[in-house]
Amino acid sequence: MEIATKRLRIYCNRQEICAIIIIDIDFSLKGVIYLYIKKNIRILGIDPGYAIVGFGILDYDGFRFTPVEYGAITTDAGTDFSRRLRAIHEDTEFIFEKFKPDCLAIERLYFTTNQKTAIDVAQARGIVLLSSAMRNIPVSEYTPLQVKQSVVGYGKAEKRQVMEMTRQILGLANIPKPDDAADALAIAICHGHTSRFG
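Residues numbered from 1 in each chain as written. Predicted model: local features only at pLDDT ≥ 70, side-chain atom pairs only at ≥ 80, totals over all residues. Heavy atoms only, no water.

S.K.: Any chance you could explain the pairing of strand 8 (residues 103–107) here in plain terms?
M.R.: Two faces, one strand: in a regular strand the side chains alternate between the faces of the sheet. With five of its five residues buried, strand 8 lies for the most part within the structure. The two faces of strand 8 match: Cys103, Ala105 and Glu107 on one face and Leu104 and Ile106 on the other face are all buried. In this sheet, strand 8 lies alongside strand 5 (residues 41–47) in parallel orientation, the contact comprising four bridges. Bridge pairing in strand 8 links Gly45 to Ala105. Where strand 8 and strand 9 (residues 139–142) come together, four bridges link them in parallel fashion. Bridge assignment links Leu104 to a residue of strand 9, and that residue is Val139. (Buried < 20%, exposed > 50% of the residue type's maximum accessible area, 1.4 Å probe, protein only. Helix = DSSP H or I, 4+ residues; strand = E, 2+ residues; numbered from the N terminus. Pairing = 2+ DSSP bridges.)

Shown next, in the form of C-alpha cells:
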C-alpha cells in the first residue's frame, strides 16, 4: 500500500511494519518513522495422547490472549488402536478446518519407563503433526519444563499452579476441564510468550 501527499508517503509491507517517510515541499527527506501494526495470530495448543488429546485455541495480539475454544478428543479404551487413531485424525481435521490456526504448539514427546505407552502416544502425536504439515502450518514443540517456566515463571511448578495461572492469564472463571485441555492452553500460552520474546 502507498499513500502519497505533498509531505507524506506511507509504505506498508503488509506484515507488521509501516514506514512513514516525511518529505518536505521541495522533496527533501525530513525523516522516517516506523510503526508497529498489531497483528493477531491464532495458536492451536495440543497436549498429545491416544486416550485423550487436549486442545486449546487462543488468539494472541502480542499482549493479550483471547480464548477461542478448548476441549478434548477422546477415544474408547476397548476400541482397536487403529480405529482410535482414525478418530483422532477425523477430529483433528475438524479442528483445523473449523478454527484455521496460524501455528501449532505441541508438547515435546519424552520417553517414560513405559515404552509401549510412549510409542502409542507418538503415533497419535504423528496424526496431529501430519494434519499441520498438510496445511504448511508451522509447528513448535515445548517440554513440560518450558511450559511451566513460561506460564508460572518457575520450571518446577506443580500442575495445579500451572492450571491456576492458565486460568488467570486467560481471564476464565474456572480452571478449564478436562485437565488435558488446560495443559493444551498452557502450551499455547507458552508459544505466544516464546514467539514474542524468543
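S.K.: I'm lost on the packing of aromatic side chains in this one. Help?
M.R.: The description of an aromatic ring pair rests on the distance of the ring centres and on the angle between the ring planes. Taken as a whole and assessed by the stated rule, the structure comprises two aromatic pairs. When the ring of Tyr50 is compared with that of Phe81, the centres are 5.8 Å apart and the planes differ by 70°; the resulting orientation is edge-to-face. Here Phe81 lies in helix 1 (residues 81–99) and Tyr50 lies in the loop between strand 5 and strand 6 (52–60), a separation of 31 residues in the sequence. Seen in terms of ring centroids, Tyr60 and Phe65 are 4.1 Å apart; in terms of plane orientation they differ by 15°. Their pairing is stacked. Side by side, Tyr60 and Phe65 carry an identical accessibility label, which is buried. (Phe/Tyr/Trp six-rings, centres within 6.5 Å; stacked < 30°, edge-to-face > 60°.)

S.K.: So what exactly am I meant to see when it comes to unusual backbone geometry here?
M.R.: Note: most peptide bonds trans; most residues except glycine with negative phi. For the bond from Lys177 to Pro178, the omega torsion is -5°, close enough to zero to count as cis. Of note, the phi angle at Lys100 is positive, near 45°, even though the residue is not glycine. Along the polypeptide, Lys100 turns up in the loop between helix 1 and strand 8.

S.K.: How do you make sense of the nonpolar core when you look at a structure like this?
M.R.: Most often, soluble globular proteins keep nonpolar side chains buried together rather than apart. Counting residues in each nonpolar core, the largest one holds 19 residues, and the members touching the most others are Ile43, Leu58, Phe65, Val147 and Leu170. Mapped onto this core, the elements with two or more residues apiece are strand 6, strand 8, helix 3 (144–151), helix 4 (159–170) and helix 5 (179–197). At six residues, the largest contribution of residues to this core is made by helix 5. Membership of the second largest hydrophobic core comes to 17 residues, among which are Ile95, Leu104, Ile127 and Ile137. (Core = buried A, V, L, I, M, F, W, Y, C linked by side-chain atoms within 4.5 Å.)

The quantities given are spatial measurements derived from coordinates; they are silent on function.
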